[in-house]
Structure formats: structure tokens, C-alpha cells
Amino acid sequence: MTKRKTVSELQQILKEQQYELAEQNFYYFIKQAWTSIENSTYVDSYHIGNVAAHIQAHLEGESSLKKLIINLPPGTSKSRVCTIFATAWDWIHRPQREVLLASNSHSIICELGDNIRSLVTSDWYYPYWCEQKNLFKPSSTLWTKNKFALDKGGFLKGVSPDSKITGLGTSG
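Residues numbered from 1 in each chain as written. Predicted model: local features only at pLDDT ≥ 70, side-chain atom pairs only at ≥ 80, totals over all residues. Heavy atoms only, no water.

Chemist: Residue-level account of the pattern of salt bridges, with values.
Modeler: Taken as a whole and assessed by the stated rule, the structure comprises five salt bridges. One salt bridge connects R80 with E38, and the closest N-O pair in it is separated by 2.5 Å. With R80 in helix 4 (residues 78-93) and E38 in the loop between helix 2 (26-37) and helix 3 (46-59), this pair connects stretches of sequence that are 42 residues apart. Judged by relative accessible area, R80 falls into the partly exposed class, the value being 29%. When the shortest N-O distance is used, the salt bridge between R97 and D90 registers 2.5 Å. Taking relative accessible area as the criterion, D90 reaches 4% and is therefore assigned buried. Connected through salt bridges with shared partners, the residues D90, R94 and R97 form a single ionic network. (Salt bridge = Lys/Arg side-chain N within 4 Å of Asp/Glu carboxyl O. Helix = DSSP H or I, 4+ residues; strand = E, 2+ residues; numbered from the N terminus. Buried < 20%, exposed > 50% of the residue type's maximum accessible area, 1.4 Å probe, protein only.)

Below, the structure is given as C-alpha cells:
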């Protein structure tokens, strides 16, 4: 006779399955991660699913998506999806990825960088992917709003027109 699982054990199994699904599916990752950086509940819209599918295919190297342009009006969460969530999700799979944020506004770079950092160090993200699965750890020596590194070689650097990017050494 098999022992029945407790509610706590079932909740832990469900939590593990949600993390596994978020790791496999960028769209599901967005829905799970939303409240880690937003003070509001996630409101789904078809365009987020479509953008997520294209970004996931691009990040996974699908040959038909060598170049991807996403044009959406302001207020449609494109910065959150294409920058914040995409970077955090990609680092789960490729912690050596070098990310260069570019904007005409230094304050936007700092805001995006701060949100990426907040997500990666959140109570939802960090305990599972950084501690339990030990995929990467944020560097303790380089960790600012617009520039930080991971122990596996990946990093994020934000640049604006008044920034210098020469000598950064990205591998492309």
C-alpha cells in the first residue's frame, strides 16, 4: 500500500512542476515571475503570448529568427517582456550570456537593470534557480543598477549615448 501524500508534500510537488514549466516555457515564466517585479497581478493578453513565443524561439537559436523586431505601442509591457523577463529566463539556460542594454536614456537603463536584478534576486527566482539548481550566482564584486556580472561569465551592461562601450569585450 502506498502512503498518501500530505497537503504540504503535494504543494511542494506542484511548486516544482510550476518551476519546471516556467523553465521550459518563456510565456509561463512571465506569468509566474510577474509579481516579483510588479505590485499588480498579471493580466494576460494575446500579444504577450505571441511576443514570448518569438523571443523564446530567437533565444533558442531558431534559424528562421536571426533578426527579430518587435513593434508595439507604449504601455504594452514590451520592456518587461523583451528585456527584464527575457534576460532572467535566458540566464537560466545560458548563464554565460552577455547582455548589452542600450537606450537613449540612462535612467531607463538603470530602471531596467534594477528590475532584472530585482527579479534574479527575488524570493521566487533566486532560491530555485540560483540556490537549489545552482545554475549561477550573481557576482558579489560587480553588482550595480546598470552593470552586473554572474559567476558563470554572463553579465549585463547598460549603455546610453554618453556611455563608453569600447573595450567591453563582448563576444557578440
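Chemist: Could you give an account of the packing of helix 2 against helix 3, with specific residues and numbers?
Modeler: Across the interface, helix 2 lies against helix 3 with an axial gap of 8 Å and an inter-helix angle of 125°. Regarding the angle of helix 2 to helix 3, the classification is oblique. Residue-level inspection shows F26, Y27 and I30 of helix 2 in contact with helix 3, the latter providing I48, G49, A52, I55 and Q56. Its residues assigned to classes, the contact of helix 2 with helix 3 comprises six nonpolar, two polar and no charged. (Axes fitted to C-alpha atoms, helices over the stretch in contact; angles between N-to-C directions. Parallel < 35°, antiparallel > 145°, perpendicular 65-115°, else oblique. Contact = heavy atoms within 4.5 Å. Nonpolar A, V, L, I, M, F, W, Y, C, P; charged D, E, K, R; others polar.)

Chemist: Run through the side chain of S139, naming residues and quoting values.
Modeler: Inspection of the secondary structure assignment puts S139 in strand 2 (residues 138-143). Residue classification places S139 among the buried residues on the basis of a relative accessible area of 16%. In contact with S139, other than residues within four places in its own chain, are A149 and L150.

Chemist: Lay out the packing of helix 4 against helix 5 (residues 106-120) with the relevant residues and their values.
Modeler: The geometry of helix 4 relative to helix 5 is characterised by a closest axis approach of 10 Å and an angle of 40° between their N-to-C directions. It follows that helix 4 is oblique to helix 5 by the angle criterion. Considering the relative orientation of helix 4 and helix 5, their crossing is right-handed. Within the contact between the two elements, helix 4 uses S79, T83, I84, F85, T87, A88 and W91 and helix 5 uses L112, N115, I116, L119 and V120. Tallied by class, the residues present in the contact of helix 4 with helix 5 amount to eight nonpolar, four polar and no charged. (Left-handed = near helix turned anticlockwise from the far one by under 90°.)

Chemist: Tell me about the nonpolar core, residues and numbers included.
Modeler: In this structure, F26, F29, W91, L119 and Y125 are the most contacted members of the largest nonpolar core, which totals 39 residues. Of all the secondary-structure elements, those providing two or more residues to this core are helix 1 (7-24), helix 2, helix 3, helix 4, strand 1 (98-102), helix 5, helix 6 (126-132) and strand 3 (147-150). Per-element accounting of this core gives the leading share, eight residues, to helix 4. If we skip the residues at most four places from it in the chain, F29 touches A22, F85, A88, W89, I92, L119, W124, Y125 and W129. (Core = buried A, V, L, I, M, F, W, Y, C linked by side-chain atoms within 4.5 Å.)

Chemist: Describe the pairing of strand 1, and please don't skip the residues or the numbers.
Modeler: Going residue by residue along strand 1, you find V99 and L101 tucked away on one face and E98, L100 and A102 left uncovered on the opposite face. The sheet contact formed by strand 1 and strand 4 (residues 155-159) spans five bridges and is parallel. Each bridged residue has a counterpart across the sheet, and for V99 the counterpart in strand 4 is L156. (Pairing = 2+ DSSP bridges.)

Chemist: Can you explain the environment of N134? Please cite residues and give values.
Modeler: Examined against the element boundaries, N134 turns out to sit in the loop between helix 6 and strand 2. N134 sits 29 residues away from S105 along the chain, and the two C-alpha atoms are 34 Å apart. Those residues within four positions of N134 in sequence are excluded, and the remaining contacts are W129 and K152. Of note is the side chain of N134, whose polar atom sits 3.1 Å from the side chain of K137. (Polar contact = N/O pair within 3.5 Å; in protein donor to acceptor, adjacent residues only side chain to side chain.)

Interpretation note: all reported values are geometric properties and have no functional meaning in isolation.
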